[in-house]
Amino acid sequence: MTERNNEAPQLPPLATNNDEIDLRDIAHMLWLKRWLIAGLALVGAALGVAASLSSTRYVSEGLFMVSSSVDAYKRYESVLLNGPRLEQFLQQSADPEAAAALRPLVDNDTALRKAVKPEFGFTDKDAKALGVQSEAASTLIGFLLRHEHATPIGGAPVVMLSEFVRDTIIRIDMEDQMLAQCNNFRTREQTLRNEQIQNNFEIQQQQQRIGTLKTLIERRPDVIVPDSRQIVSVEHGSERFLSPLAQLTAAEILVADMRLAEALRARERTASALKRDYYCKAQQVLQEPISGRAFLEQLNVVQRAVFEGKDRSADIVEKTWNELDIERANWTNTYLSGMRFLASPDGSEVRQ
């Protein structure tokens, strides 16, 4: 009993602190794995450089000015954003390198919409902000043309895109105009011919009436004596109550007026026939695979073919020739000179 009471109480063992880090052990471990760490660093750096290079794009863009209405743009949109139509244009291109750069857009509608974006001078949002009516708010001022490529290629693809826009607008406008004008002048020429047939019949009728009046005057010379009680103004259809001499004079004046109208109608028929042939032949040219720029140049050949064998010294023939010349010059000014870049895309390529 005494020995147990005399034993000193035992203290619990001190707990060790496991949160301590020995930097020497870590440094030793890193030194042993130094080649693995260096290899991983090099691989990471290489992957970073590769990712950076693969995401880098050389971008060129330009604003191609086209003054038109929003309604007209609706007609252009479906053709401009049509891949097969772009492919057809690229096949006719004289620059195979630029065509190859644009060919990926053919099967990618999203990329094509990004490459050809309309620019409006006054949008519906602007109209609401300014509190104006939106019916005449928007005007198409041009297209923002953009091209991205993995390597530097310059502004040639953007220039080709502008020619695609120009070609599309020319063809759509010309197809509408040529068809409408062809049908219009074809109908007009037939209408004038019918009017001329009717006019010739009426002239014959009046000439017979003149002959009858002259016979009556020869048999009754006294009818040419003026009568102070003669009615001067009569309603339409009551001319027969005038004296034979007055009726004869009126009939001869009427025939003279119809002769003048016949001459004017003959001139108009000549002009209408020439324009009919011109627009209908031009419409046939548009059915062929021809660019818009080439079509405008071809119109001069069509005009010479239509006027071949015609008397250019006749004033109506010369007048019609001049009218077609002026019209073609206006088209050339609108589509070739009027459509242009606000700033040339050449030299505008930037790395992004």
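Given the structure is predicted, the values throughout are model-derived calculations rather than measurements.

Draft legend 1. Expanded view of the environment of Glu175. Looking at the element boundaries, Glu175 is found in helix α9 (residues 156-219). Sequence separation between Glu175 and Ala282 is 107 residues, and the spatial gap between their C-alpha atoms is 9.2 Å.

Draft legend 2. Spotlight on helix α5 (residues 83-91). Regarding α5, the residues found buried are Gly83, Arg85, Leu86, Glu87, Phe89 and Leu90. Against α4 (70-80), α6 (96-102), α7 (109-115) and α9 lie the buried residues of α5.

Draft legend 3. Representation of the nonpolar core within the structure. Among the nonpolar cores identified, the biggest contains 56 residues, and Phe143, Leu145, Met174 and Phe295 are the most heavily contacted of them. When residues of this core are assigned to their parent elements, the largest contribution, 12 residues, is made by α9. Listed in part, the eight residues of the second largest apolar core include Ile203, Leu213, Leu248 and Val255.

Draft legend 4. Looking closely at the pattern of salt bridges. Taken as a whole and assessed by the stated rule, the structure comprises 13 salt bridges. Here Arg85 and Asp167 are joined by a salt bridge, their closest N and O atoms 2.4 Å apart. One end of the pair, Arg85, is in helix α5; the other, Asp167, is in helix α9, and 82 residues separate them in sequence. On the basis of relative accessible area, Arg85 is assigned to the buried category, the value being 13%.

Draft legend 5. Quick look at the packing of aromatic side chains. Applying the stated criterion to the full structure yields six aromatic pairs. Relative to Phe164, the ring of Phe89 has its centre 5.5 Å away and its plane inclined at 55 degrees; by these criteria the two rings are tilted. Residue Phe89 is located in helix α5, and its partner Phe164 is located in helix α9; the two are separated by 75 residues in the primary sequence. Taking relative accessible area as the criterion, Phe89 reaches 10% and is therefore assigned buried. Between Tyr278 and Tyr279, the aromatic rings sit 5.1 Å apart at their centres with planes inclined by 75 degrees, giving edge-to-face as the arrangement. Through successive ring pairs, a cluster of aromatic residues spans Phe185, Tyr278 and Tyr279. Seen from the ring of Trp321, Arg312 lies directly overhead, with NZ or CZ sitting 3.9 Å from the centre.

Criteria and cut-off values
Residues numbered from 1 in each chain as written. Predicted model: local features only at pLDDT ≥ 70, side-chain atom pairs only at ≥ 80, totals over all residues. Heavy atoms only, no water. Helix = DSSP H or I, 4+ residues; strand = E, 2+ residues; numbered from the N terminus. Buried < 20%, exposed > 50% of the residue type's maximum accessible area, 1.4 Å probe, protein only. Contact = heavy atoms within 4.5 Å. Core = buried A, V, L, I, M, F, W, Y, C linked by side-chain atoms within 4.5 Å. Salt bridge = Lys/Arg side-chain N within 4 Å of Asp/Glu carboxyl O. Phe/Tyr/Trp six-rings, centres within 6.5 Å; stacked < 30°, edge-to-face > 60°. Lys NZ or Arg CZ within 6 Å of the ring centre and 35° of its normal.

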